[in-house]
Amino acid sequence: MPRRTLPPRLWRRNDGAWIILDSGRQHRTGLAGGDAEDAAREALARYILARGRKPAAAPQGVSCGELLAEYFEARREMVADPERLRYALKALAPFWGDLSAADVTEAVCARYARQRAEAGVGPGTARRELGALQAALTMAHKAGRLTQPVAVTLPKREPPKERWLTREEVRRLMRAAAPHLRRFILIAVLTGRRKESILRLRWAPNLDGGWIDCDRGVIRFRGRRQAETKKRRGEIPMPRQLAFHARRWLRQDGARGWVIQHRGAKVGSIKRAWNEAVRRAGIEPATPHDLKRTAVTWAFESGMSIEDGVGWFETSRETLEAVYWLHSPKAHARARSVIERRR
């Protein structure tokens, strides 16, 4: 069987220089150092687009569908969650595929958001999808594919949700859940990671998803060829509660296969099992993403700092401060101490 040809990819040499590897050849980016990683990723995207040798075009001369396809081809090996990007582009394609980049106006963007709302999709999801369209148009302009920039009008940002589960609710949910869902819940509330990252976990290192390493006592949420953040946050030490159960699961499953599995097969969706467990536990409404909010809220209630939270939950400081920090006993502690001083 012939070897699979790897797509163009970045490599950082020992001297710090960022190199593009493609078909056994090395192409210099002229960039070096850890601070240049974002610029190197953009250089790789431009290289992939230029390799197609497509000429620059005015916005009215190129379709959004074509630019979205080129964007996915250039970015799929570089983003932390390629499936999430794929879902966004799949949602965009029926509406935008035959429209030109010149058709991207405020009115048309609003019409897309309304259409998604009629399909039962929330404004937050429509905003993320249109953000992917903006990223595709921006990259096309930077790469010389479009002769001028094109701006996407995004729906207003929704206020952050504040639903999280109490410890009693989680206990009831665990009792009501199927075995594979219990694993998912435990990992989610102890790591605060998203559903897709947890469902892709395996027991052995792999290219496209994370894995649990019981020997080292760590859990890694990115595959070997998935993008890593600048702060290398893809790996965290397992809490002792999770390490105990992980070793037990590993003995049950053997050294191969998926961590979240049902009858030996990968679990592609937990929607049915989740809805059934939530109904039986009597904690409706609740979604799998509420487990991330639960994990972060519990951590801050127990005194975790924002600095530690950024790395552990792989969430920006801005989001942690805006949504979760008020649950920390440290929140406003200095201000309160000033107010409480006797005059």
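Scroll up to find the structure.
Residues numbered from 1 in each chain as written. Predicted model: local features only at pLDDT ≥ 70, side-chain atom pairs only at ≥ 80, totals over all residues. Heavy atoms only, no water.

## Some details on the nonpolar core
Membership of the largest hydrophobic core comes to 50 residues, with the highest contact counts inside it found for Leu173, Phe184, Ile185, Ile187 and Ile219. The element that contributes the greatest number of residues to this core is helix 7 (residues 179-191), accounting for seven residues. Setting aside residues no more than four positions away along its own chain, phenylalanine 184 makes contact with Lys195, Ile198, Leu199, Ile260, Ile270, Pro288 and Leu291. Counting 35 residues, the second-largest nonpolar core is a separate cluster that includes Leu68, Leu85, Ala91 and Cys109. (Core = buried A, V, L, I, M, F, W, Y, C linked by side-chain atoms within 4.5 Å. Buried < 20%, exposed > 50% of the residue type's maximum accessible area, 1.4 Å probe, protein only. Helix = DSSP H or I, 4+ residues; strand = E, 2+ residues; numbered from the N terminus. Contact = heavy atoms within 4.5 Å.)

## A short note on the sheet that holds strand 1 (residues 9-12)
With antiparallel pairing, the three strands of this open sheet are ordered in space as 1-2-3. Both edges of this open sheet fall to strand 1 and strand 3 (25-32), since each of them pairs with a single strand only. The mean inter-strand angle of the sheet, taken between neighbouring strand axes irrespective of direction, is 30°. In this sheet, strand 3 lies alongside strand 2 (residues 17-22) in antiparallel orientation, the contact comprising five bridges. By the bridge assignment for strand 3, isoleucine 20 is matched with histidine 27. (Pairing = 2+ DSSP bridges. Axes fitted to C-alpha atoms, helices over the stretch in contact; angles between N-to-C directions.)

## Digging into the sheet that holds strand 6 (residues 235-237)
What the three strands build is an open sheet, ordered 4-5-6; its pairing is antiparallel. Only two strands of the sheet have a single partner each, and these edge strands are strand 4 (211-213) and strand 6. The sheet shows a mean angle of 20° between the axes of neighbouring strands, taken without regard to direction. As paired elements, strand 5 (residues 218-220) and strand 6 share three bridges and run antiparallel to each other. In the strand pairing of strand 6, arginine 220 is matched with glutamate 235.

## Considering the packing of aromatic side chains
Following the criterion strictly, the structure yields three aromatic pairs and no others. Considering the side-chain rings of phenylalanine 95 and tryptophan 96, the 5.0 Å spacing of their centres and the 65° angle between planes classify their relative orientation as edge-to-face. The buried category is assigned to phenylalanine 95, whose relative accessible area is 12%. Aromatic side chains tryptophan 96 and tyrosine 112 sit 6.0 Å apart centroid to centroid with 45° between the ring planes, which places their arrangement in the tilted category. One end of the pair, tryptophan 96, is in helix 3 (residues 82-96); the other, tyrosine 112, is in helix 4 (residues 106-118), and 16 residues separate them in sequence. Note on tryptophan 96: relative accessible area 0%, which makes it buried. One aromatic cluster in this structure is built from Phe95, Trp96 and Tyr112. Over the ring of tryptophan 298 we find arginine 167; its NZ or CZ atom is 4.2 Å from the centre of that ring. Here the basic side chain of lysine 266 rests over the ring of tryptophan 258, its NZ or CZ set 5.2 Å away from the ring centre. (Phe/Tyr/Trp six-rings, centres within 6.5 Å; stacked < 30°, edge-to-face > 60°. Lys NZ or Arg CZ within 6 Å of the ring centre and 35° of its normal.)

## Topic: the packing of helix 7 against helix 9 (residues 240-253)
Packing of helix 7 against helix 9 leaves a shortest axis separation of 11 Å and a crossing angle of 150°. Taken together, the axes of helix 7 and helix 9 are roughly antiparallel relative to one another. The two elements helix 7 and helix 9 meet at a crossing, and its hand is left-handed. Together, Arg183, Leu186, Ile187, Leu190 and Thr191 of helix 7 and Gln241, Leu242, His245, Trp249, Gln252 and Asp253 of helix 9 make up the contact between the two elements. Here the contact of helix 7 with helix 9 is composed, by residue class, of five nonpolar, four polar and two charged. (Parallel < 35°, antiparallel > 145°, perpendicular 65-115°, else oblique. Left-handed = near helix turned anticlockwise from the far one by under 90°. Nonpolar A, V, L, I, M, F, W, Y, C, P; charged D, E, K, R; others polar.)

## Here we look at unusual backbone geometry
One can expect most non-glycine residues to show negative phi and most peptide bonds to be in trans. A cis geometry characterises the amide bond from glutamate 284 onward to proline 285, with omega recorded as -5°. With respect to the helices and strands, proline 285 occurs in the loop between helix 10 (271-281) and helix 11 (290-301). Residue arginine 263 is not a glycine yet carries a positive backbone phi of 55°. Relative to the assigned elements, arginine 263 resides in the loop between strand 7 (261-262) and strand 8 (265-266).

## Things to note about helix 13 (residues 317-324)
All of the buried residues in helix 13 are Leu320, Val323 and Tyr324. Buried residues of helix 13, seen end-on, are gathered within an arc of 90° and therefore sit on one face of the element. For helix 13, exposure combined with an orientation more than 90 degrees from the buried face picks out Glu318 and Ala322. Buried residues along helix 13 sit against helix 11 and helix 12 (306-313). (Arc of directions from axis to C-beta.)

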